[in-house]
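If you want the building blocks of each chain, they are given just below.
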Amino acid sequence: MADDNPSDQLVIKASVAEESPGNGYDDECRRIKPSDPCAIIIYGASGDLTSRKLIPAIYKLYINSYMPGSFFIVGCARKKLDNKSFREKIKASLNKEGLVDQVKWEAFAANLYYQSIEYDEAAGFEVLKRVLDDLDKKYRTGGNRLFYLAIPPFLYETVVNMTGQSGLGAAKAESGGWSRIVVEKPFGSDLKSSVALNNILQQSFKEHQIYRIDHYLAKETVQNILVFRFANSIFEPLWNRQFIEYIDIRATETLGVEHRAGYYEKAGVLRDMFQNHMMQLLTLTAMEPPAHFQPESVRDEKAKLIQSIRPFNSETRKQNIVLGQYGAGMIDGKRVPAYREEAAVNPRSFTPTFVIMKLFIDNWRWQGVPFYMLTGKRLAEKLTRIVIQFKDVPHAIFRNVFSKGIIANRLIFSIQPNEKISLTFQAKNPGSTICARSINMQFSYDDYQEQALEAYEKVLIDCLNGDQMLFLRQDSEELCWSLLTPLIEDCEKCADQGELLKFYEAGTCGPKLIETPAKC
Ligand code: BG6
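Small disclaimer: the values here were computed from a predicted structure and weren't measured. (Residues numbered from 1 in each chain as written. Predicted model: local features only at pLDDT ≥ 70, side-chain atom pairs only at ≥ 80, totals over all residues. Heavy atoms only, no water.)

A. Main features of the site of the ligand. The full set of residues close to the ligand is Lys185, His215, Tyr216, Lys219, Glu253, Arg260, Asp272, Met273, His277, Lys377, Lys382 and Gln416. With respect to the ligand, the side chain of Asp272 contributes an N or O atom lying 2.6 Å from an oxygen atom. The side chain of His277 places a nitrogen or oxygen atom 2.7 Å from an oxygen atom of the ligand. Considered on its own, the ligand offers 390 Å² of accessible surface; in the complex 81% of this is hidden by protein. Here the element with the most residues in the shell around the ligand is helix 8 (residues 261-286); it accounts for three residues. Split into classes, the residues belonging to the shell around the ligand amount to two nonpolar, three polar and seven charged. (Near = heavy atom within 4 Å. Polar contact = N/O pair within 3.5 Å; in protein donor to acceptor, adjacent residues only side chain to side chain. Areas by Shrake-Rupley, 256 points an atom, 1.4 Å probe, with all protein chains shown as cover. Helix = DSSP H or I, 4+ residues; strand = E, 2+ residues; numbered from the N terminus. Nonpolar A, V, L, I, M, F, W, Y, C, P; charged D, E, K, R; others polar.)

B. Fine view of helix 11 (residues 455-465). The buried fraction of helix 11 is high, at 10 of 11 residues. Of all the residues in helix 11, the buried ones are Ala455, Tyr456, Glu457, Lys458, Val459, Leu460, Ile461, Asp462, Cys463 and Leu464. Against the buried residues of helix 11 lie strand 2 (38-43), helix 1 (48-63), strand 5 (145-149), strand 6 (179-183), strand 7 (210-212) and helix 7 (220-230). (Buried < 20%, exposed > 50% of the residue type's maximum accessible area, 1.4 Å probe, protein only. Contact = heavy atoms within 4.5 Å.)

C. Expanded view of the pattern of salt bridges. Applying the stated criterion across every chain yields a total of 23 salt bridges. Of the charged contacts in the structure, one is a salt bridge between Arg365 and Glu288, with a shortest N-O distance of 2.8 Å. Pair noted here: Arg365 is in the loop between strand 11 (354-359) and strand 12 (371-376) and Glu288 is in the loop between helix 8 and helix 9 (295-308), with a separation of 77 residues, a long-range link. On the basis of relative accessible area, Glu288 is assigned to the partly exposed category, the value being 29%. Note that Glu296 is salt-bridged to Arg299, the shortest N-O span being 3.1 Å. Of this pair, Glu296 and Arg299 both sit in helix 9, three residues apart, roughly one helical turn. The exposure class assigned to Arg299 is buried, which follows from its relative accessible area of 2%. Residues participating in the shared-partner salt-bridge network are Glu296, Arg299, Asp300, Arg473 and Asp475. (Salt bridge = Lys/Arg side-chain N within 4 Å of Asp/Glu carboxyl O.)

D. Main features of the packing of aromatic side chains. For the structure shown, the criterion picks out 24 aromatic pairs. When the centroid spacing of 5.2 Å and the interplanar angle of 50 degrees are considered together, the rings of Tyr62 and Phe108 count as tilted. Placement of the pair is Tyr62 in helix 1 and Phe108 in helix 3 (residues 102-109), with a sequence separation of 46 residues. Residue Tyr62 is classed as partly exposed on the basis of its relative accessible area, which comes to 23%. When the ring of Phe71 is compared with that of Phe108, the centres are 6.3 Å apart and the planes differ by 45 degrees; the resulting orientation is tilted. Here Phe108 lies in helix 3 and Phe71 lies in strand 3 (residues 71-77), a separation of 37 residues in the sequence. (Phe/Tyr/Trp six-rings, centres within 6.5 Å; stacked < 30°, edge-to-face > 60°.)

E. Molecular detail of unusual backbone geometry. Residue Lys185 is joined to Pro186 through a cis peptide bond whose omega torsion reads 5 degrees. Geometrically, the link from Gln416 to Pro417 is a cis peptide bond, its omega value of 0 degrees lying close to zero. Tracing the backbone shows Pro417 in the loop between strand 14 (410-416) and strand 15 (420-428). Positive phi is not limited to glycine here, since Ser65 has a value of about 60 degrees.

F. Structural detail: the packing of helix 2 (residues 83-96) against helix 3. Where helix 2 contacts helix 3, the axes come no closer than 11 Å and their chain directions differ by 145 degrees. When the axes of helix 2 and helix 3 are compared, the crossing they make is right-handed. On helix 3, the residues that touch Arg87, Ile90, Lys91 and Leu94 of helix 2 are Gln102, Trp105 and Ala109. (Axes fitted to C-alpha atoms, helices over the stretch in contact; angles between N-to-C directions. Left-handed = near helix turned anticlockwise from the far one by under 90°.)

G. Up close: the sheet that holds strand 3. What the six strands build is an open sheet, ordered 4-3-2-5-6-7; its pairing is parallel. At either margin of the open sheet sits one strand with a lone partner, and together these are strand 4 (112-116) and strand 7. For this sheet the average axis-to-axis angle between neighbouring strands, irrespective of direction, equals 20 degrees. Sheet topology places strand 2 next to strand 5; five bridges connect them, and they run parallel. Across the sheet, the residue bridging to Ile42 is Tyr148, located in strand 5. (Pairing = 2+ DSSP bridges.)

H. Quick peek at the side chain of Arg473. Summarising the element assignment, Arg473 is placed in the loop between helix 11 and helix 12 (474-493). Owing to a relative accessible area of 11%, Arg473 belongs among the buried residues under this scheme. A polar atom in the side chain of Arg473 sits 2.6 Å from the side chain of Glu296. Residues within four places of Arg473 in sequence aside, it is in contact with Glu207, Arg212, Glu296, Arg299, Asp300 and Ala303.

If you want it as structure tokens, here you go:
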């Protein structure tokens, strides 16, 4: 694959078209502000996710006037705290991010409450119910409640059951209020546990009340894949086996396992990144056009796509999948330890931190087109992108004219570190001779920063608005697991597990790859 942006490439920047209404930013483009007054109940309120992601996101929505006119938040956790110390703890973590605006903070903090709870004791949930009922009246929230599971997955079953059994989760019929539950990944660790988790959730909540989050779906460029594909007429006719040579989807990280060894040792890269983020990028890139831009239509097409992925057998697994684990190496000029040397990692661990897969989709559109999917930790750079590589021109009339040959067209959705879309094509260089130059036409979200919401802000707005478009549905979730579970089991139980796993030096491109056109 040619470089993203070779130095001889001319870059043309996209600008908003003149005919775009309101120069592209009329009221229609603004986010829909949630209007229902509501309560947000966060289980796991003393944890990392709450202080690093959730509260900063809610606070930013609040100061940018995206929160409903009336709302309150009740943080729940085992730790014994009162409202005052909870507010101070939250303020300290917002301060770290430089987010606190003193005046707005006071008003925001008045809506923050804390209730300590033992997750396995019904009595605590009874108390919580009374607290919520009182606050519902004070804030006139009409029983609208969003429950957020910011707790470790092993607590999901207990907390969901307690919430259901204590009647906390039921929408209050007389007020027409709603209740919704937000679940963070991992949604199980294989097909069986995912089915079990769904059964537990569905004992207390209906599918339309369950919001399974994948934060990749809230990234602007990821959402833009749908608009790009289905709001333009010129790309979709090319989006198939006739014109596309291969698709390369990758999410590489420089970070290692950090302080998450307890979780990661059991998860590994297939559960941590592949089953969710990578599969979502694949479905949006390859799914058929939905009949409507509505959650169920989009989610139906995603499920159909997952069903069309060719399953692996023991032969294709050997040929088309490489798993790896990072060794020691250099990242950003600093020496970093091997995965096996990280705190709390088994020194003989076989947990994979890298995978590349060559997938095929057995349907009319994609028959024979390889999808290269690569993700891993401690690689050379932080990069998430989708490359659509078009085929060479069918007949090369310039074969004897250009010394370098013709570079086939390429479309790149760059998701991280910069969010942009670029299309390369060939054009004549100015001058008396005929020679070609690669032109890169580029649209970058950096030029529209003020419009962007962070992933958790977007996710929360959608939950409060009851929009499930970006959230995973039970069937897709289970379909992903049915594809990957045999593979995971095969890799984990296999006697020659050591041989299946290739070790790579941190800060490099990963282990020697299966035959792929993509460079590092
Ligand atoms: C998380 C994984 O879901 O995504 C992490 O658990 C990974 O292991 C992270 O580092 C990557 O997210 P992002 O948005 O930084 O690409």
